[in-house]
Amino acid sequence: MPNVLLDDTSESDWQLLSRTAEGEEDAFRQLVERHQDRLVGLCQRLLGDREEALDAAQEVFLKTYGKAGSLQPNGELFTWMYRVATNHCLNRIRRRKLAQFLSLTPDPGAEAASLEPVDNAPDALATLESRRRWRQTLEAIGALPESQRVVLILARFEGLPYRQIGEILGISEGAVESRLFRAMRHLKGAQESASLGVSR
Amino acid sequence: MDRKTEQQLLRLLVGELSDEAAQNLRLRLENESELQHAFTVLQERWQTLELPPLETVHPSFTSRVVRQAVTGPSFEAAGLGRSSPLWARATAAVALAGGILVGVLLASPSDTDEWAGWSAIEQTQAEVYWETLSASSDNLVREDLR
């Protein structure tokens, strides 16, 4: 699993889950600590809102806890958690019929928060430039069809390979490639339209 | 440029090509300016996709999740669990139907005589109405004949 570095002494996710099923609270804590940043990050990318992402990630962890005794060690646990998180976030979006999701921004307040530089960069111009790029990305990704948007987020921002994206979304690698390809074509068209608009 | 080549470029960009295929494509990139240009554009488009860096999750989140899992409501209550089993849903449906039936029975007059009395009154009132109506019709016909 990329980005989750385990040393030789670390227990695997499945081992931790097994101990969780036996009632060892500390094992579950380790599992949460190991994956919370990436899981919350994924939810935030999909939902566009930090607080909602924390809620969503919490529910995914609670589901993992609830399933600790019944999940079979098959593949990577984190892939399963990613799948649950992705489906959960998409369901949330569909449930609230989030038109604003086209811009990945549930409300103006959330948008402002999500675009706030984390490190409070002292350089005002650099900050403004960063915000401009982020906004452009949000708008471009938000204009994509949902199926392409999810693949793009998983590939570009989560850095996942086609195989894993396919496992998460329950589609073939070929379908992942096709969706990513079409997403990039959409973005190309959007960028060309934007540059035409600027040049006029 | 055909779609297959574009897909190859995208595969190269995201690291999905095998070593051999990647090496072959890189050789082509060195020799074909159009291909090189297309790859550069694709790279730029990919890299301009930027989102704000993500914050590290606060340790209180971990504690909250663990506490919720161990002591709080079950994950089923969080709306993520499986839907209730068939037997539970069937029991709930029967209970609901039973409740409705009890409600209907309680709301209905229990004494059949009393109900018959109400029916009789209603019948009488209807009869009075029709009589009044036919009487007034007769009067109108008589006035017309005059």
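The sections below set out a description of the structure shown in this document. (Residues numbered from 1 in each chain as written. Chains lettered and ligands numbered in written order. Predicted model: local features only at pLDDT ≥ 70, side-chain atom pairs only at ≥ 80, totals over all residues.)

Check the secondary structure of chain B and you find six helices and zero strands. For chain B, the N- to C-terminal ordering of α and β elements is α-α-α-α-α-α. Within chain B, buried positions represent 8% of all 146 residues. (Helix = DSSP H or I, 4+ residues; strand = E, 2+ residues; numbered from the N terminus. Buried ≥ 20, exposed ≤ 12 C-beta atoms within 10 Å, placed from the backbone.)

Once that is clear, we can look at the overall build of chain A. Tallying secondary structure elements over chain A gives nine helices and zero strands in all. In sequence order, the secondary structure elements of chain A are arranged as α-α-α-α-α-α-α-α-α. The buried share of chain A, reckoned over its 200 residues, is 38%. Counting only contacts in chain A whose residues sit at least 6 apart along the sequence, the fraction spanning at least 24 positions is 64%. (Contact = placed C-beta atoms within 7 Å.)

The next thing to look at is the nonpolar core. Residues and elements named next belong to chain A. The biggest cluster of nonpolar side chains holds 55 residues, and the ones touching the most others in it are Cys43, Ala57, Met81, Ala85, Val151 and Ile165. Among the elements that make up this core, the one with the highest residue count is helix α2 (residues 25-47) (nine residues). When residues no more than four places from it in sequence are discounted, the contact partners of Ala85 are Leu39, Leu42, Cys43, Ala56, Ala57 and Val60. (Core = buried A, V, L, I, M, F, W, Y, C linked by C-beta atoms within 7 Å.)

It is worth spelling out the packing of helix α7 (residues 146-157) of chain A against helix α8 (residues 162-169) of chain A at this point. Residues and elements named next belong to chain A. At a closest axis distance of 10 Å, the pairing of α7 and α8 adopts a crossing angle of 135 degrees. As judged from the angle between their axes, α7 and α8 are oblique. In this structure, the crossing between α7 and α8 has a hand that is right-handed. Contact residues: Val150, Val151, Leu154 and Ala155 in α7; Ile165, Ile168 and Leu169 in α8. (Axes fitted to C-alpha atoms, helices over the stretch in contact; angles between N-to-C directions. Parallel < 35°, antiparallel > 145°, perpendicular 65-115°, else oblique. Left-handed = near helix turned anticlockwise from the far one by under 90°.)

Our next topic: helix α4 (residues 77-95) of chain A. All names here are of chain A. Its 19 residues place the ends of α4 27 Å apart at the C-alpha level, agreeing with the 27 Å of an ideal helix rising 1.5 Å per residue. Every buried residue of α4 is listed here: Leu77, Phe78, Trp80, Met81, Tyr82, Val84, Ala85, Thr86, His88, Cys89 and Arg92. Looking at the packing, one finds that the buried side of α4 touches α1 (13-21), α2, α3 (50-66), α7 and α8. (Expected span 1.5 Å × (residues − 1).)

For the rest of this paragraph, the subject is the interface of chain B and chain A. Each partner contributes residues to the interface: chain B has 29 residues there, and chain A has 39 residues. Of all the elements in the fold, those that place two or more residues in the side of chain B that touches chain A are α1 (3-14), α3 (33-47) and α4 (59-71) of chain B. Here the side of chain B that touches chain A takes seven residues from α4 of chain B, the largest share from any one element. For the side of chain B that touches chain A, the class distribution of residues is 17 nonpolar, seven polar and five charged. (Nonpolar A, V, L, I, M, F, W, Y, C, P; charged D, E, K, R; others polar.)

In short, the description is geometric, and any link to function would need to be established separately.
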